[in-house]
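Results of the structural survey
The lines below spell out each chain.
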Amino acid sequence: MGITVYAPAPTPDDEGARERAVMASGALDARDDPALLELVEQARQRFGTGMAAVSILSRDWQYLIAAAGVTSRTYSRRMSLCGHAIITPRAVFCVDDARADPRFADNPVLIDGGQVRFYAGAPLIDAGHMPIGTFCVFDRMPRGDFSAHEQTHLRQFAEAAITRLAVRRAAPPTA
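On a predicted model such as this, the values are computed, not experimentally measured, just so you know.

1. A closer look at the pairing of strand β1 (residues 51–58)
Among the eight residues of β1, eight are classified as buried, and the element is accordingly described as predominantly covered. Of the two faces of β1, the one holding Met 51, Ala 53, Ser 55 and Leu 57 and the one holding Ala 52, Val 54, Ile 56 and Ser 58 are both buried throughout. The pairing of β1 with strand β6 (residues 131–139) spans six bridges and is antiparallel. Pairing of Met 51 across the sheet is with Phe 138, part of β6. Sheet topology note: the β1/strand β2 (residues 61–68) ladder contains seven bridges and is antiparallel. If you follow Ser 58 over to β2, its bridge partner there is Trp 61. Turn length for the β1-β2 hairpin, with the two strands adjacent in sequence and antiparallel, is two residues, and the turn residue Arg 59 shows positive phi of about 50 degrees.

2. Topic: helix α1 (residues 15–25)
Turning to α1, its buried residues number three or more, namely Glu 15, Arg 18, Glu 19, Ala 21, Val 22 and Ser 25. One face of α1 carries all of its buried residues, which in axial projection span an arc of 155 degrees. Opposite its buried face, α1 presents the exposed residues Arg 20 and Ala 24, each directed more than 90 degrees away. If you follow the buried residues of α1, they end up packed against β1, β6 and α5 (148–170). Two residues or fewer after α1 comes Gly 26, characterised by a positive phi angle close to 75 degrees.

3. Overview of the sheet that holds strand β4 (residues 93–95)
Within the open sheet, the six strands sit side by side as β3-β2-β1-β6-β5-β4. Their pairing is antiparallel. Each having just a single partner strand, β3 (74–76) and β4 make up the two edges of the open sheet. Each strand of the sheet is rotated relative to its neighbour by a mean of 25 degrees, with strand direction disregarded. Examined bridge by bridge, β2 and β3 share three bridges and lie antiparallel to one another. What sits directly across from Tyr 63, in β3, is Thr 74. Lying on the sheet, α1 is in contact with β1 and β6; it crosses β1 at an angle near 115 degrees. Where α5 meets the sheet, it contacts β1, β2, β4, β5 (118–125) and β6, and its direction lies at approximately 45 degrees from that of β5.

4. Here's the deal with the packing of helix α2 (residues 34–47) against α5
Where α2 meets α5, the axes come as close as 10 Å, and the angle between the chain directions of the two elements is 175 degrees. When the axis of α2 is compared with that of α5, the two are roughly antiparallel. Packed against α2, whose contacting residues are Ala 35, Leu 36, Leu 39, Gln 42, Ala 43, Arg 46 and Phe 47, the element α5 presents His 149, Glu 150, His 153, Leu 154, Phe 157, Ala 160, Ala 161, Arg 164 and Leu 165 at the interface. Classifying every residue of the contact of α2 with α5 by side-chain character gives 10 nonpolar, three polar and three charged.

What counts, and at which threshold
Residues numbered from 1 in each chain as written. Predicted model: local features only at pLDDT ≥ 70, side-chain atom pairs only at ≥ 80, totals over all residues. Heavy atoms only, no water. Buried < 20%, exposed > 50% of the residue type's maximum accessible area, 1.4 Å probe, protein only. Helix = DSSP H or I, 4+ residues; strand = E, 2+ residues; numbered from the N terminus. Pairing = 2+ DSSP bridges. Arc of directions from axis to C-beta. Contact = heavy atoms within 4.5 Å. Axes fitted to C-alpha atoms, helices over the stretch in contact; angles between N-to-C directions. Parallel < 35°, antiparallel > 145°, perpendicular 65-115°, else oblique. Nonpolar A, V, L, I, M, F, W, Y, C, P; charged D, E, K, R; others polar.

This is the structure:
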């Protein structure tokens with residue numbers, strides 16, 4: 001058995017407030033929402049990736065509340081690329097090749113079966129300016145360049161997901 005070395009995402013300085021924002025968003029109750037599922041499928045097609053997801057980071061876990069091309073839906077936050085993306089909430093976080101990036105090269109989630117080589121995640125920013133998760137696209141193949149134009153489109157998908165979560169939260173409960 002070998003020792004793996006990788007860099008887990010740092011915890012945001014305002015993690016308590018961020019976690020309260022996650023709970024207030026209702027996002028964890030939005031698993032498999034049809035509108036979110038449609039968005040992730042559109043993103044997967046738009047960016048030509050094998051996988052796309054709306055990912056919510058809560059406590060020690062990452063939950064894919066809507067996903068396309070992914071079988072597992074819950075991951076340890078310590079091994080999450082999305083955990084890195086929320087640290088810079090105003091930027092799209094890109095990893096062209098996770099195997100070549102020393103922060104992720106030995107990450108068990110990435111190397112077991114080679115699940116993720118390319119990753120791009122746009123933070124989901126709530127009305128209080130807190131990053132509750134990401135809208136991300138990822139693939140088994142590395143990618144050389146995720147252009148500024150593509151980053152803009154990914155941010156638009158993230159904004160659409162946040163809007164959908166707000167609409168769900170504002171809707172009266174169904175009997």
